[in-house]
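Listed below are the residues making up each chain.
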Amino acid sequence: MGLWNLIRGMDTKRMRETARRVAKESGRPTPFIFCDMVWCGFKYQAGYLDYALFHFWDLNGAQRATVLTRGKNNRYVAALNDRREWDVFDVKPEFLARFAPFVKRKWLDLASCTVEEFRSTGEELDRFLVKPRDGTHGDGVEIFQAGEVEDWAALLSKLRENGQTLLEEVIPQHEDLNALWPGSINTIRLVTILKDGRAHVVAAYLRVGNGARPVDNFNNGGMAVPVDRDTGVILCAARDKAGTLYDRHPVTGVQFQGYQLPLWPQVLELAQAAAQVVPSVRYVGWDIAVTPDGPVLVEGNQYPGHDIYCLPGQNPSKIGLLPALEAVVPYKSL
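Here's a quick rundown of the structure. (Residues numbered from 1 in each chain as written. Predicted model: local features only at pLDDT ≥ 70, side-chain atom pairs only at ≥ 80, totals over all residues. Heavy atoms only, no water.)

## Some thoughts on the overall build of the protein chain
Here is step 1 of the chain: Counting secondary structure elements, the protein chain contains 14 helices and 11 strands.
Here is step 2 of the chain: In terms of overall dimensions, the protein chain is globule-like: its C-alpha atoms have a radius of gyration of 21 Å, near the 20 Å expected for 334 residues.
Here is step 3 of the chain: Here the C-alpha coordinates of the protein chain stretch approximately 60 × 45 × 45 Å along the principal axes.
Here is step 4 of the chain: For the protein chain, with 334 residues in total, the buried portion stands at 50%.
Here is step 5 of the chain: Considering only residue pairs separated by 6 or more positions, the protein chain has 63% of its internal contacts joining residues 24 or more positions apart.
Here is step 6 of the chain: Carbon and sulfur atoms make up 52% of the accessible area of the protein chain, which totals about 15600 Å².
Here is step 7 of the chain: A gap of 11 Å separates the mean positions of the 38 positive and 40 negative side-chain charges of the protein chain. (Helix = DSSP H or I, 4+ residues; strand = E, 2+ residues; numbered from the N terminus. Rg over C-alpha atoms; globule rule 2.2 N^0.38 Å. Buried < 20%, exposed > 50% of the residue type's maximum accessible area, 1.4 Å probe, protein only. Contact = heavy atoms within 4.5 Å. Areas by Shrake-Rupley, 256 points an atom, 1.4 Å probe, with all protein chains shown as cover. Lys, Arg positive; Asp, Glu negative; His and termini not counted. Charge placed at Lys NZ, Arg CZ, Asp CG, Glu CD.)

Listed below in structure tokens is the structure:
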């Protein structure tokens, strides 16, 4: 019955569309790709989007088994993260309050503040950022200049209507990250698993902006690039979600591979300390900005995304992220 329900729940229309696109890219027949997608779903818990993103058609069985697919990622989240504590990470004002020693910036809940509190905070900061209190992918992020606001009451009303009910101080960025791209805060994604009181770093990536939007998110026009977990050195070319590889940033011209990220020991120390705050949520993707004065937390993700890790073009070995997680917590033990 469970297998039948899984089959009935498949979006076969989108699967067929994806299979046709992948078939064209891979040079293989569409029926073969479609059947292989279904097989990989059952065998490796890989959805059809995983199949396309990670180029499953180009992997052998041993390599496929190492990919951290959506299904396997979900199992880690369910096993390691207490659902009762998810709101601490999902609702941004709760996160900012709970992790205040690592956030180190002013913020205001626009859902409950007065117009005067909004105006005085905005004018104090001069330049401020607004975003949804429970948003993802960098959606709804805007930056305002206080001197350009003509009617604070009207703006507050509009932001509430739009669901943009969190105001934050704009984070000043370290000059070495500004050199890569000054148009957004380029955040470090560190994924940790807490075990025996220690946060084990299982993945390290830099997300870099690339366009008019003031965000670095991979799903909103940004790029991602793997970083050596021990040294903080960028390992290869950056990649966007469309699969385009960039040896250098297309605007600033800075070369990615070999670039040293600043204050790396302090970045690791921050993640280690932050992981102790909610110990019942053991598997977290931390988004960390580096300021001239040191690293700060942007947010924590109790559901670490799996779609930026070990992507084609950045991963010559074709070995996925799962072995790094299994070195800390074996998948079969979940």
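## Here we look at the nonpolar core
Here is step 1 of the chain: One finds F99, L206 and W286 to be the most contacted residues of the largest nonpolar core, which totals 42 residues.
Here is step 2 of the chain: Ranked by residue count, the leading element in this core is helix α13 (residues 264–274), at 5 residues.
Here is step 3 of the chain: Filtering out sequence-adjacent residues up to four positions away, L206 remains in contact with L177, L180, N186, T187, I188, M223, A224, V225, V227, I234 and L261.
Here is step 4 of the chain: One finds W86, V191, I193 and I308 within the second-largest nonpolar core, a separate group that totals 22 residues. (Core = buried A, V, L, I, M, F, W, Y, C linked by side-chain atoms within 4.5 Å.)

## What to know about the packing of helix α2 (residues 12–26) against helix α3 (residues 30–44)
Here is step 1 of the chain: The N-to-C vectors of α2 and α3 enclose an angle of 120°; their axes lie 8 Å apart at closest approach. In terms of orientation, α2 and α3 fall into the oblique class. The hand of the α2/α3 crossing is right-handed. Contacts from T12, M15, R16, T18, A19, R20, V22, A23 and S26 in α2 reach T30, I33, F34, M37 and V38 in α3.
Here is step 2 of the chain: Among the residues forming the contact of α2 with α3, the class breakdown is 8 nonpolar, 4 polar and 2 charged. (Axes fitted to C-alpha atoms, helices over the stretch in contact; angles between N-to-C directions. Parallel < 35°, antiparallel > 145°, perpendicular 65-115°, else oblique. Left-handed = near helix turned anticlockwise from the far one by under 90°. Nonpolar A, V, L, I, M, F, W, Y, C, P; charged D, E, K, R; others polar.)

## What about the sheet that holds strand β2 (residues 127–131)?
Here is step 1 of the chain: Read from one edge to the other, the open sheet built from 4 strands follows the order β1-β4-β2-β3, with strand pairing classed as antiparallel. In this open sheet, the two strands that pair with only one neighbour each are β1 (107–109) and β3 (142–145). The sheet shows a mean angle of 25° between the axes of neighbouring strands, taken without regard to direction.
Here is step 2 of the chain: Along the sheet, helix α10 (residues 115–125) makes contact with β1, β2 and β4 (166–169), crossing β4 at roughly 25°. (Pairing = 2+ DSSP bridges.)

## Regarding the packing of α10 against helix α11 (residues 152–162)
Here is step 1 of the chain: Contact pair α10 / α11: the axes reach a minimum separation of 9 Å and the direction vectors enclose 100°. Of the possible angle classes, the one that applies to α10 and α11 is roughly perpendicular. From α10, V115, F118, R119, G122 and E123 reach across to α11, where they touch W152, A153, L155, L156 and L159.
Here is step 2 of the chain: Classifying every residue of the contact of α10 with α11 by side-chain character gives 7 nonpolar, 1 polar and 2 charged.

## Here's the deal with unusual backbone geometry
Here is step 1 of the chain: Phi is positive for H55, which is not a glycine, with a value near 55°.
Here is step 2 of the chain: Looking at the secondary structure, you find H55 in the loop between α4 (48–53) and α5 (61–64).
Here is step 3 of the chain: On the basis of relative accessibility, which here comes to 19%, the residue H55 falls in the buried class.
Here is step 4 of the chain: One non-glycine residue, D126, lies in the positive phi region at around 75°.
Here is step 5 of the chain: Along the chain, the position of D126 falls in the loop between α10 and β2.

## Notes on the sheet that holds strand β9 (residues 245–246)
Here is step 1 of the chain: Here we have 7 strands laid out as an open sheet, ordered β9-β8-β7-β6-β5-β10-β11, and antiparallel in their pairing. With one partner strand each, in any of the chains shown, β9 and β11 (294–301) form the two edges of the open sheet.
Here is step 2 of the chain: Alignment of strand β7 (residues 223–226) against strand β8 (residues 238–240), held across 2 bridges, turns out to be antiparallel. The partner of M223 across the bridge, within β8, is D240.
Here is step 3 of the chain: Against the sheet, α13 engages β5 (188–195), β6 (198–208), β10 (283–291) and β11, with an angle of about 45° to β5.

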